[in-house]
Amino acid sequence: MNTLNPARRTLALGFALTALVAASGNAAAQQAKEVKMGYALAVNSHYGAAAQAWADSVEKATNNAFKFKQFPSSALGGERELIEGLQLGTVEAVLVSTGALSNFVPEVGVVDIPFLFRDTQHARNVLDGQFGQDLLTKFKTRGLIALAWGEQGFRHLSNNKRAVSKPEDLKGLKIRVTENPVHITAFRTLGASPTPMAWPEVIGALQQGTIDGQENPVSVFVSAKLWQVQKHLSLTSHVYAPIALIVSPAFFGSLNDAQKAAFIQGAKTGALASRKFVDDVEKKGVDEIKSHGVQVTTTVDKAAFQAAIVPAYKQYASKFGQKTLDQITQAK
Ligand code: PAF
């Protein structure tokens, strides 16, 4: 027989319910699957913005069934190691540039061709359109699941020797490029001395003078405080730089359909966050760079650079097909 009076019974029931909710909350927290996520730059960069938006979106959509653990600033190694980590299943999610990617998914190299995209909107349209979405599906056969295209911005050239405004100024400059055959060909064609190198080694190599310069968008220049190691920046806008948001097939395969959908939607949200960050940093980044004493060349002879790169286009056409190049250049 129940000896509690009605008021006490209600109170007791309230305690029991609270305990039950707390217990199930703890269980959910305990069961949350950890998602290791790696990227090259700091948390307060376009990469960090994308990573956080991706994580928040998935955690919210799945009622915290996942807990993201971020490894920014190349903490898990260079981008090559991150991609290999996905294939091996030692990392679940990464955000990487296309620098090392075409060594894994050769078809991606087409977006690394200099002066292929007219402007940011053209690049976004192509990557969000049929072409870019088809390109994402190519990752599957290489042991990777790519979910969305984020953004770094257009790459520009910096160095410690001289102001560069035309291709002849590049002669003899040792420029670090990503480990990317398309970029290596481009800088060789332009008359520079391209030195492929993983990002974690770049700042040290610039400090030691084993390379004269590098090329990266304003977003990277600001995030990595490259003014500490570079004297000149030329706004060459020579190539658009996307970010690929990728997950490990072993991890993705372990998800149910609703969870898969949450990761896809989260990656799209992350991609948009990187673009928004880039839009902002492009507005004020150059002034910030100047304020640190870097000489910024804004009067770059783009037509001369485009003309100088033409011989490389023959190689690009034979590698990727003229039809593919036309498909991109003719896109609105
Ligand atoms: O130059 C690179 O390797 C990339 O742009 C970087 C800085 C690692 C960002 O992905």
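Cut-offs applied
- Residues numbered from 1 in each chain as written.
- Predicted model: local features only at pLDDT ≥ 70, side-chain atom pairs only at ≥ 80, totals over all residues.
- Heavy atoms only, no water.
- Near = heavy atom within 4 Å.
- Polar contact = N/O pair within 3.5 Å; in protein donor to acceptor, adjacent residues only side chain to side chain.
- Nonpolar A, V, L, I, M, F, W, Y, C, P; charged D, E, K, R; others polar.
- Helix = DSSP H or I, 4+ residues; strand = E, 2+ residues; numbered from the N terminus.
- Buried < 20%, exposed > 50% of the residue type's maximum accessible area, 1.4 Å probe, protein only.
- Contact = heavy atoms within 4.5 Å.
- Expected span 1.5 Å × (residues − 1).
- Bend = angle between axes of the 7 residues up to and from the residue.
- Salt bridge = Lys/Arg side-chain N within 4 Å of Asp/Glu carboxyl O.
- Pairing = 2+ DSSP bridges.
- Right-handed = clockwise from strand over helix to strand, strands pointing away.
- 1 Å grid on protein atoms, 1.4 Å probe; cavity = no way out; pocket = protein on both sides within 12 Å on 5 of 7 lines; lining within 4 Å.
- Points joined across faces, edges and corners; volume = space filled by probe spheres on them.
- Phe/Tyr/Trp six-rings, centres within 6.5 Å; stacked < 30°, edge-to-face > 60°.

## Things to note about the site of the ligand
Taken together, A40, Y47, E79, S97, Q152, R155, R176, T178, W199, N216 and V220 are the residues near the ligand. One nitrogen or oxygen atom from the side chain of Q152 is found 3.1 Å from an oxygen atom belonging to the ligand. Contact between the ligand and R155: an oxygen atom at 2.8 Å from a side-chain N or O atom of the residue. When its residues are assigned to classes, the shell around the ligand shows 4 nonpolar, 4 polar and 3 charged.

## Observations regarding the environment of I246
Its location among the elements puts I246 in strand 8 (residues 232–247). When its relative accessible area of 0% is taken as the criterion, I246 is described as buried. Once residues lying within four places of it in the same chain are set aside, the contact partners of I246 are W54, L86, E92, A93, V94, V96, L101, F139, L144, I145 and A146.

## Let's talk about helix 10 (residues 257–291)
Helix length check: helix 10 (35 residues) gives 50 Å between terminal C-alpha atoms against 51 Å at 1.5 Å per residue, within 8%. Along helix 10, the sharpest kink reaches roughly 45°, centred on K284. The N-terminus of helix 10 is capped by N256, whose side-chain oxygen sits 3.1 Å from the backbone nitrogen of A258. In the stretch just after helix 10, G293 is the one whose phi turns positive, near 90°.

## Quick look at the pattern of salt bridges
Side chains carrying opposite charge are able to pair once their charged atoms draw close together. Counted according to the given criterion, the structure contains 10 salt bridges. With a shortest N-O distance of 2.6 Å, E151 and R124 are connected by a salt bridge. Here R124 lies in helix 4 (residues 120–128) and E151 lies in strand 4 (residues 145–159), a separation of 27 residues in the sequence. With respect to class, E151 is no different from R124; both count as buried. The closest approach of N and O atoms between R155 and E215, which form a salt bridge, is 2.9 Å. Here E215 lies in strand 7 (residues 213–216) and R155 lies in strand 4, a separation of 60 residues in the sequence.

## Here's the deal with the environment of E168
With respect to the element layout, E168 can be found in the loop between strand 4 and strand 5 (174–177). Between the C-alpha atoms of E168 and G191, which are 23 residues apart in sequence, the distance is 7.2 Å.

## What about the pairing of strand 1 (residues 33–38)?
Relative to strand 2 (residues 66–71), strand 1 is paired through 6 bridges, and the arrangement is parallel. Counterpart to V35 in the pairing with strand 2 is F68. What joins strand 1 to strand 2 is helix 2 (residues 46–61), and the crossover it makes is right-handed. As paired strands, strand 1 and strand 3 (residues 93–97) are joined by 2 bridges and run parallel to one another. Bridge pairing in strand 3 links G38 to V94.

## Here we look at the pairing of strand 6 (residues 193–196)
Where strand 5 meets strand 6, 4 bridges bridge the pair, whose relative direction is parallel. By the bridge assignment, K174 is partnered in strand 6 with S193.

## Remarks on empty space enclosed by the protein
One water molecule sets the probe size; rolling that probe over the atoms shows where empty space is left. All told, the structure shown has 2 cavities of 30 Å³ or more when counted by the stated rule. What lines the largest cavity is L157, L170, F187, L190, T236, H238 and F305. A breakdown of the residues in the lining of the largest cavity according to their chemical character gives 5 nonpolar, 2 polar and no charged. Empty space within the second largest cavity amounts to approximately 30 Å³. If you trace the second largest cavity, you find it lined by S97, T98, G99, D112, R155, H183, Y240, A241 and P242. Of the residues that constitute the lining of the second largest cavity, the class distribution is 3 nonpolar, 4 polar and 2 charged.

## So, the packing of aromatic side chains
Summed over all chains, the structure comprises 9 aromatic pairs. Geometrically, the ring pair formed by Y39 and Y47 is stacked, given 6.3 Å between the ring centres and 10° between the ring planes. For Y47, a relative accessible area of 2% translates into the label buried. Between the aromatic rings of F139 and W149, the centroid separation amounts to 6.2 Å while the plane-to-plane angle is 70°, which identifies the pairing as edge-to-face. Of the two residues, F139 sits in the loop between helix 5 (130–137) and strand 4 while W149 sits in strand 4, which places them 10 residues apart along the sequence. We note that F139, like W149, is buried.

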